[in-house]
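Okay, here's what each chain looks like letter by letter:
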Amino acid sequence: MTTYDIALIGFGGVNRTLAELIPTRGEALRSELGFGLRVVAITDLRLGSLVQPEGIDLPVVLNLGQGSETFAEYGGSADTNNESVIRNCTANIICEATFTNPEDGEPAVSHVRWALESGKSVCTTNKGPVALRGAELTSLAARNGVHFEFEGAVMSGTPVIRLAKKMFAGLKLNGFEGILNGTSNYVLGRMEAGLDFEAAISEAQALGYAEANPAADIEGYDVQLKVLILANELLDAGLELKDVQRQGISTVTPEDIRTGALEGRRWKLVGSARRNPDGSVTAGVSPVALPLDHGLAGISGATNALSFDTDLLGPVTVSGPGAGRVETAYALLSDIITMHAASTEVSANA
Ligand SMILES: NC(=O)c1ccc[n+]([C@@H]2O[C@H](COP(=O)([O-])OP(=O)(O)OC[C@H]3O[C@@H](n4cnc5c(N)ncnc54)[C@H](O)[C@@H]3O)[C@@H](O)[C@H]2O)c1
Ligand SMILES: N[C@@H](CCO)C(=O)O
């Protein structure tokens, strides 16, 4: 039985939930999928770092983080020591779930680079490294014979990136449009129900949907990164962040929402990309008042939906959770399952 040792970089909502899933889903993983998981290192800005090659006692560390205590009181350090932990710990897989930085992706880009350079596979839900350094990190992983997986960077655990890459073979993808931010979709829905903007954002934060700085959700930065990821991964668009036009929902007023409702329209934040006749790709994100019979108009709460425009099937739409701690932790698990399946295939063919 294979056991993968993992390191959790960032111990907030997503990686904590992964740490909760490991004991609860551990038996099913072992019996159904043929591998076990053991956490051997954790780093976090507030807690510091803890490295235990024999395996960290997860129930103990899951109780930390409410007060001012750090890992120093548990045999670790109050400093994150990210580079040394990532490079030197015994983990096979690094799960990167620190804050998304929409400007340059740091320090997560460095976290991923250190891991891949030291022969460790990486799964991440962090959009920064994937959107801003995706091609470079994918090729670094290939050069080092390890994996770089990031399904949770778009639509949390709902499979869209792997699904499109694996299942659309033989089809031509002309573009996509979708609702790709759970927080703004939740906020627009709550405003439609009469709640004010700030109260709706507070609710989305409490539910674990919002970014550390919710302006990233509200001003469209989060969807801009997701559109960039999808355009480059699925349309081979070769775009940079500045090529994706961005407008968020802060300009949508309660009055716009009321007027839209009277006209049979619903405001949604829509991210899209389309291949032009000359082969180039136009991509962007903006709020749109969709007619109620539009396929995306009925997507509510933190649910997301992505409609792919294919040549032989026409539109193919995937809908599911776009945010949430459990949903996103599952994305990391699905990345590890993918890595395991790839390793098993290699061994079978050897
Ligand atoms: N929560 C969701 O629904 C969701 C969905 C998809 C993707 N994501 C992405 O997943 C990542 C994690 O999300 P989350 O909800 O867990 O966020 P969070 O804010 O709850 O947790 C992030 C954690 O990272 C830690 N951290 C920040 N910088 C660090 C550093 N340099 N070194 C070590 N630790 C550091 C913070 O202390 C915090 O505990 C983010 O990039 C987010 O964009 C989240
Ligand atoms: N803050 C993001 C998390 C998922 O990337 C959202 O609300 O969709």
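Quantities reported herein were computed from a predicted structural model and do not represent experimental measurements.

**A closer look at the state of the cysteines**
No. 1: One pass over the structure, following the stated rule, counts 0 disulfides.
No. 2: Not part of a disulfide, C89 finds its nearest cysteine sulfur in C95, a span of 11 Å.
No. 3: C89 sits in the buried class, given a relative accessible area of 8%.
No. 4: With no disulfide of its own, C123 lies 3.5 Å from the sulfur of C95, the closest cysteine sulfur.
No. 5: Among the residues examined, C123 registers a relative accessible area of 0% and is labelled buried.

**Digging into the pattern of salt bridges**
Where charged atoms from two side chains of opposite charge approach closely, those side chains can pair.
No. 1: According to the stated counting rule, one finds 18 salt bridges in the structure shown.
No. 2: Here D222 ties to K127 by a salt bridge, and the two come within 2.6 Å at their closest N and O atoms. Pair noted here: D222 is in helix 10 (residues 221–234) and K127 is in helix 5 (residues 127–143), with a separation of 95 residues, a long-range link. Across this residue pair, the class does not change: D222 and K127 are buried.

**Quick notes on the sheet that holds strand 9 (residues 265–275)**
No. 1: Read from one edge to the other, the open sheet built from 6 strands follows the order 8-10-9-7-11-12, with strand pairing classed as mixed. Every other strand in the sheet has two partners, leaving strand 8 (244–246) and strand 12 (314–321) as the edge strands with one partner each. On average, each strand axis in the sheet is tilted by 20° relative to the strand beside it, whichever way the strands run.
No. 2: Here 3 bridges tie strand 8 to strand 10 (residues 281–291), and the two strands are oriented parallel to one another. The partner of V244 across the bridge, within strand 10, is A283.

**What to know about the side chain of T310**
No. 1: As for its position among the elements, T310 is in strand 11 (residues 303–310).
No. 2: A polar atom in the side chain of T310 sits 3.2 Å from the backbone nitrogen of L313.
No. 3: Engagement of the side chain of T310 in a polar contact is seen with the backbone oxygen of G314, the distance being 2.7 Å.
No. 4: Residues contacting T310, with those up to four places away along its chain left out, are F168, L171, K172, L173, N174 and V316.

**Thoughts on the site of ligand 2**
No. 1: In the vicinity of ligand 2, the contacting residues are K127, N181, G182, T183, Y209, A210, E211, D217, D222, K226, G322 and A323.
No. 2: T183 places a polar side-chain atom, nitrogen or oxygen, 2.6 Å from an oxygen atom of ligand 2.
No. 3: Between ligand 2 and the protein, one listed contact pairs a nitrogen atom with a side-chain N or O atom of E211 at 2.7 Å.
No. 4: Contact with the protein chains removes 92% of the 250 Å² of surface that ligand 2 exposes when unbound.
No. 5: When residues of the shell around ligand 2 are traced back to their parent elements, those giving at least two are helix 7 (182–192) and helix 10.
No. 6: Per-class residue counts for the shell around ligand 2 are 3 nonpolar, 4 polar and 5 charged.

**Considering unusual backbone geometry**
Across residues other than glycine, the phi torsion is negative in most instances, and most of the peptide bonds are trans.
No. 1: E106 connects to P107 through a cis peptide bond whose omega is 5°.
No. 2: Looking at where P107 falls in the secondary structure, it is placed in the loop between strand 4 (93–96) and helix 4 (108–117).
No. 3: Of note, the phi angle at M155 is positive, near 60°, even though the residue is not glycine.
No. 4: Secondary-structure assignment places M155 in the loop between strand 6 (148–149) and helix 6 (161–167).
No. 5: One non-glycine residue, S156, lies in the positive phi region at around 40°.
No. 6: With respect to the helices and strands, the residue S156 is situated in the loop between strand 6 and helix 6.

**Here we look at the sheet that holds strand 2 (residues 35–44)**
No. 1: Within the open sheet, the 6 strands sit side by side as 3-2-1-4-5-6. Their pairing is mixed. Both outer strands of the open sheet, strand 3 (48–51) and strand 6, are each paired with one neighbouring strand and no more.
No. 2: Summarising the sheet, strand 5 (residues 121–124) and strand 6 pair through 2 bridges and their orientation is parallel. Residue C123 lies in a different strand from strand 6, and its bridge partner there is E149.

**Some thoughts on the environment of V160**
No. 1: With respect to the element layout, V160 can be found in the loop between strand 6 and helix 6.
No. 2: Distance from V160 to L306, taken between C-alpha atoms, is 7.9 Å for residues 146 residues apart in sequence.

Parameters at a glance
- The residue numbering used here restarts from 1 in each chain and proceeds along that chain's sequence as written.
- Chain A is the first chain written and ligand 1 is the first ligand written, with later ones labelled in order.
- Only residues with pLDDT of at least 70 get local features here, since the model is predicted, and only at 80 or more are side-chain atom pairs given and counted; chain-wide, interface and lining totals rely on the full set of residues.
- The side-chain figures draw on all heavy atoms in the structure; neither hydrogens nor water molecules are used.
- A pair of sulfur atoms, both from cysteines and within 2.5 Å, is called a disulfide here.
- Throughout, exposure labels follow a simple rule: accessible area from a 1.4 Å probe, protein chains only, divided by the maximum for the residue type, with under 20% read as buried, over 50% as exposed, and the rest as partly exposed.
- Salt bridge criterion: a side-chain nitrogen from Lys or Arg within 4 Å of a carboxyl oxygen from Asp or Glu.
- In DSSP terms, a helix is any run of H or I states spanning at least four residues, a strand is any run of E spanning at least two, and both are numbered starting from the N terminus.
- If DSSP finds at least two bridges between two strands, the strands pair.
- To obtain each axis, a line is fitted to C-alpha atoms, and for helices this fit is confined to the stretch in contact; angles are then taken between N-to-C directions over 0 to 180 degrees.
- Any pair of nitrogen or oxygen atoms within 3.5 Å is treated as a polar contact; in protein, a donor-acceptor pairing is required on top of that, and neighbouring residues in sequence qualify only through side-chain atoms on both sides.
- Whether two residues are in contact is decided by their heavy atoms: any pair within 4.5 Å suffices.
- When we say a residue is near a molecule or strand, we mean one of its heavy atoms is within 4 Å of it.
- Only the protein chains shown count as covering a residue, and every accessible area follows the Shrake-Rupley method with a 1.4 Å probe.
- Lys, Arg, Asp and Glu make up the charged group, whereas Ala, Val, Leu, Ile, Met, Phe, Trp, Tyr, Cys and Pro make up the nonpolar group; the residues left over, Gly among them, are polar.

Nothing here speaks to function; it is all geometry.
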